[in-house]
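Single-letter residue listing:
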Amino acid sequence: MTGDITGLAADAIVNAANSALMGGGGVDGAIHRAAGPALALACAEIRRRQGGCPVGSAVLTDGGNLPAKAVIHTVGPVWHGGGRNEPELLRQAYLSSLALACDKRMQLVAFPNISTGVYGFPKELAADIAIAAVGEFLARHSWPKRVIFVCFDRENALLYQARL
Ligand code: AR6
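The rules we used
Residues numbered from 1 in each chain as written. Predicted model: local features only at pLDDT ≥ 70, side-chain atom pairs only at ≥ 80, totals over all residues. Heavy atoms only, no water. Buried < 20%, exposed > 50% of the residue type's maximum accessible area, 1.4 Å probe, protein only. Helix = DSSP H or I, 4+ residues; strand = E, 2+ residues; numbered from the N terminus. Pairing = 2+ DSSP bridges. Axes fitted to C-alpha atoms, helices over the stretch in contact; angles between N-to-C directions. Parallel < 35°, antiparallel > 145°, perpendicular 65-115°, else oblique. Contact = heavy atoms within 4.5 Å. Nonpolar A, V, L, I, M, F, W, Y, C, P; charged D, E, K, R; others polar. Phe/Tyr/Trp six-rings, centres within 6.5 Å; stacked < 30°, edge-to-face > 60°. Lys NZ or Arg CZ within 6 Å of the ring centre and 35° of its normal.

**Side note on the pairing of strand E4 (residues 108-111)**
Line of reasoning, step 1. Residue alternation in E4 divides its side chains into two sets, Leu108 and Ala110 and Val109 and Phe111, and both sets are buried.
Line of reasoning, step 2. For strand E1 (residues 12-16) and E4, the ladder comprises 2 bridges, and the chain directions are parallel. Its bridge partner lying in E4, Ala12 is registered against Val109.
Line of reasoning, step 3. Strand direction decides the pairing type here: E4 and strand E5 (residues 146-149), joined by 4 bridges, are parallel. Its bridge partner being in E5, Leu108 is matched across the sheet by Arg146.

**Topic: the packing of helix H1 (residues 26-35) against helix H2 (residues 37-50)**
Two numbers describe a pair of packed helices, the interaxial angle and the distance between the axes.
Line of reasoning, step 1. At their nearest, the axes of H1 and H2 sit 5 Å apart, and the two run at 115 degrees to each other. Classified by the angle between their axes, H1 and H2 sit roughly perpendicular to one another. On H2, the residues touching Ile31, His32 and Ala35 of H1 are Pro37, Leu39, Ala40 and Cys43.
Line of reasoning, step 2. Partitioning the contact of H1 with H2 into residue classes produces 6 nonpolar, 1 polar and no charged.

**So, the sheet that holds E1**
Line of reasoning, step 1. Across the sheet, which stays open at both edges, the 5 strands sit in the order E2-E3-E1-E4-E5 with mixed pairing between neighbours. Of all strands in the sheet, those with a lone pairing partner are strand E2 (58-62) and E5, marking the two edges. Geometrically, the sheet is characterised by an average inter-axis angle of 25 degrees between neighbouring strands, direction not taken into account.
Line of reasoning, step 2. The sheet contact formed by E1 and strand E3 (residues 70-74) spans 5 bridges and is parallel. The residue of E3 that forms the bridge with Val14 is Ile72.
Line of reasoning, step 3. Along the sheet, H1 makes contact with E1 and E3, crossing E1 at roughly 135 degrees.
Line of reasoning, step 4. Against the sheet, H2 contacts E2 and E3, and its axis sits at roughly 140 degrees relative to E2.

**Quick notes on the packing of aromatic side chains**
Line of reasoning, step 1. In the structure shown here, the tally under the stated rule is 3 aromatic pairs.
Line of reasoning, step 2. Ring centres of Tyr94 and Phe111 lie 4.8 Å apart, and the angle between their planes is 35 degrees; on these two criteria the pair is classed as tilted. Residue Tyr94 is found in helix H3 (residues 86-103), and its partner Phe111 is found in strand E4; the two are separated by 17 residues along the sequence. The same class applies to Tyr94 as to Phe111, namely buried.
Line of reasoning, step 3. With a centroid separation of 5.1 Å and 45 degrees between ring planes, the pair formed by Phe149 and Tyr160 is classed as tilted. Highlighted residues: Phe149 in strand E5 and Tyr160 in helix H5 (residues 154-163), separated in sequence by 11 residues. Here the two residues Phe149 and Tyr160 agree in accessibility, since each one is buried.
Line of reasoning, step 4. Between the NZ or CZ atom of Lys145 and the centre of the ring of Trp143, over which it lies, the distance is 4.8 Å.

Put into structure tokens, the structure is as follows:
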């Protein structure tokens, strides 16, 4: 679907965060604004406990004031031209997020187009990786039951429309 992920009443929405979990622009900024200060506090607690969130991994917090019950914060790779394992790291960001959702037996999880904004990952390749990773995971696990790709910009919306 297209639109703003912060309005979705899912079991979890996924945040395209940074490793420091410090909030930022793009979808991360939008999620923190909509969730309220409790989200930054929860991220600070994770930082204190484990020092942040490495690229390709994911952590879970409550949803604060969001309609979503929880936020899965994952960190996609910065695109450096493709020679730094970026495709596999992006795949891992999707799989790590889904593993948390599976662990919590979530029904519905929504993803933004991770890494395709500030981090500069080519959108076409990112769409292929995202769809393949989610398909692979859902084929092998019982949860989540449903995954939504939320496309915010027109280019991603057209790419996902053509593929799904
Ligand atoms: N709902 C859904 N998708 C959105 C929204 C929204 N409200 N706003 C933007 N997008 P980006 P990244 C889309 O830059 O590339 C942050 O500063 C946007 O169109 O948010 O992974 C973090 O703190 C794009 O397709 O994330 C990190 O430092 C997608 O979200 C860094 O940016 C991802 O764009 C992460 O960069």
